[in-house]
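# Residue-level structure breakdown
Given next are the chains, with one letter for each unit.
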Amino acid sequence: MKLYYATTSPYSRKVRIVARECLVSDDIEEVLVNPFEDDARLLAANPAGLVPTLMMDNNTPLIDSPVICHYLISLSKNKTLLPDDNEQYWQVRQLEAQADAILDQALGVVMEKRRETKWQSPIVLARKYEKLERCLSRLPEYTDTPATTLTLGDIAIGCALSYLEFRIPDLNWRAQRPDLDKWQKSLNPRLSFQETRPGD
Ligand SMILES: N[C@@H](CCC(=O)N[C@@H](CS)C(=O)NCC(=O)O)C(=O)O
């Protein structure tokens, strides 16, 4: 398999962490691309030109990080990332979706701030900041450290939080949510998180 990714893309990071946690990363060739430069290899696989994009072994593409994560988990024997139990399964999927909602808003902020200052909309930015604050305040309480029971939802939240710190440090989420701060820091020593740290 081939994974088109960018080091600063939090959606890519999620997939790369999942691949490592479910021990399928040896079967994946990671191909670094810049999605903003219309790389021909990426466009051939994904007409929307977004990372992550996975080329499966049968040369068919899979797009969208949740789809790719689920596919990789389906290839592995890891039953912790996405539990079989119906109630737990949907809890994990919900957490994954909450994390993706944070990422979508965060990416919106980053893109808006990349526009020339005179074209930036303070209204759009304020709305996105409000959404981010609300989303963070509604995340579940993290009273335990993750230890051995890391799920796909935890990975997604971990990626979203570290992306916020990387790209929107003025949001200062650690000060608002000391429980999340402690929990997120406990993820950092994992090899999967270390090997995929965002960097320009
Ligand atoms: N819903 C998609 C979002 C992917 C996405 O927006 N990726 C960004 C990088 S973080 C991208 O490739 N942007 C390039 C562009 O907008 O042209 C997913 O979960 O994979």
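Residues numbered from 1 in each chain as written. Predicted model: local features only at pLDDT ≥ 70, side-chain atom pairs only at ≥ 80, totals over all residues. Heavy atoms only, no water.

What follows concerns the domain arrangement of the protein chain. Segmentation of the protein chain into domains returns domain 1 (2–75) and domain 2 (86–190). The C-alpha-based centres of domain 1 and domain 2 are spaced at 21 Å. Taken together, the contact pairs 13 residues of domain 1 with 19 residues of domain 2. For the pair domain 1 and domain 2, the two sides together bury roughly 1300 Å², of which 67% comes from carbon and sulfur. Taken together, the links from domain 1 to domain 2 amount to two salt bridges. For Arg 190, the salt bridge is made with Glu 21, and the minimal N-O distance between the two is 2.9 Å. Joining domain 1 to domain 2, the criterion identifies six residue pairs in polar contact (both at pLDDT 80 or more). Taken together, the elements giving at least two residues each to the side of domain 1 that touches domain 2 come down to helix H1 (10–21) and helix H3 (65–75). (Domains from an automatic or database assignment. Contact = heavy atoms within 4.5 Å. Buried area = accessible area lost by both parts, 1.4 Å probe. Salt bridge = Lys/Arg side-chain N within 4 Å of Asp/Glu carboxyl O. Polar contact = N/O pair within 3.5 Å; in protein donor to acceptor, adjacent residues only side chain to side chain. Helix = DSSP H or I, 4+ residues; strand = E, 2+ residues; numbered from the N terminus.)

Bringing the site of the ligand into the picture now. By nearness alone, 13 residues border the ligand, and Tyr 11, Leu 50, Val 51, Asp 64 and Ser 65 come closest of all. Interatomic distance of 2.9 Å between a backbone N/O atom of Val 51 and a nitrogen atom of the ligand. Within the contact set of the ligand, a nitrogen atom lies 2.7 Å away from a side-chain nitrogen or oxygen of Asp 64. Protein burial of the ligand: of its 520 Å² of free accessible surface, 77% is covered by the chains. Of all the elements in the fold, those that place two or more residues in the shell around the ligand are H1 and H3. By residue class, the composition of the shell around the ligand is nine nonpolar, three polar and one charged. (Near = heavy atom within 4 Å. Areas by Shrake-Rupley, 256 points an atom, 1.4 Å probe, with all protein chains shown as cover. Nonpolar A, V, L, I, M, F, W, Y, C, P; charged D, E, K, R; others polar.)

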